[in-house]
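Listed below, chain by chain, are the residues.
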Amino acid sequence: MSRNFEINSKNDILYHRIYKKTHDEDSLLNYINLHFSDIDFKKSHGLLDDNLLTVSIASEYKKLSQYLLVFSNIEHVNKLGNTPLILSCDKNMSHIAFDIIKRKTYFGNLHINNKGNTALMCACKKNLSYIALLLTKKKLTSSYINNVNQEGYNAFMYACEYGFEIFAKNLLDSHLSLNGSFSVINLYGSNASMYAIKSK
């Protein structure tokens, strides 16, 4: 059995254990340390598959995700269009999102998933105030900030709906282009102003 085949087999086992949530975090970490103990080997041979990080975050494994973050490509995009940053915001894992933002050097092309959601939207929806405010301090494009998802929401609307007043005010005060964000109407017939009134 070749070394590469052995690595791929172990990666598959690990992937399914994470995806199916059949094991707790400690046993998964023990499995990694038992079978992949050489850190340099992990880095040079592309172990651990980048998909493992996104699956780990989606499965809400906090310690495991923190561990995998060291070895993974933070720009990886899975089949649903999700990146580790989008998923960590969506799963309310602010510590992972924070570490990803610290590692990123360019924010002009942040990803939008297959449903039209962005990390900024997810942060607003989950009221991850520090993460959302941190993102707005980066050089985000106006098209990213104003992006509308499949349900007709943009980040500003989520901020208004979920009572995230600090972020909504920050968007306005920072002079980030909101290109008609107040007039955008979602699939439920509401706009940012209506949500702002309801959240009062």
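The sections below set out a description of the structure shown in this document. (Residues numbered from 1 in each chain as written. Predicted model: local features only at pLDDT ≥ 70, side-chain atom pairs only at ≥ 80, totals over all residues. Heavy atoms only, no water.)

In this section: the pattern of salt bridges. Applying the stated criterion across every chain yields a total of 3 salt bridges. Close ionic contact of Lys-104 with Glu-75 constitutes a salt bridge, the shortest N to O distance being 2.8 Å. Of this pair, Lys-104 sits in the loop between helix H7 (94-103) and helix H8 (119-125) while Glu-75 sits in the loop between helix H5 (62-69) and helix H6 (84-90); the two residues are 29 residues apart in sequence, bridging distant segments of the chain. Note that Asp-99 is salt-bridged to Lys-102, the shortest N-O span being 3.8 Å. Of this pair, Asp-99 and Lys-102 both sit in helix H7, 3 residues apart, roughly one helical turn. For Lys-102, a relative accessible area of 56% corresponds to the exposed category. (Salt bridge = Lys/Arg side-chain N within 4 Å of Asp/Glu carboxyl O. Helix = DSSP H or I, 4+ residues; strand = E, 2+ residues; numbered from the N terminus. Buried < 20%, exposed > 50% of the residue type's maximum accessible area, 1.4 Å probe, protein only.)

Let's shift gears to unusual backbone geometry. Look at Lys-21: it is not a glycine, yet its phi comes out positive at around 55°. If you check the backbone angles, Asn-127 has positive phi at about 60° while not being a glycine.

With that settled, the discussion passes to the environment of Ala-159. Along the chain, Ala-159 falls in helix H11 (residues 155-161). Given a relative accessible area of 1%, Ala-159 falls into the buried group. Ala-159 sits 30 residues away from Ser-129 along the chain, and the two C-alpha atoms are 9.6 Å apart. Aside from chain neighbours lying at most four places away, what touches Ala-159 is Cys-124, Phe-164, Phe-167 and Ala-168. (Contact = heavy atoms within 4.5 Å.)

For H5, every residue scored as buried is listed here: Leu-64, Ser-65, Leu-68 and Leu-69. Within H5, the buried residues cover an arc of 140° as seen down the axis, which keeps them to one side. (Arc of directions from axis to C-beta.)

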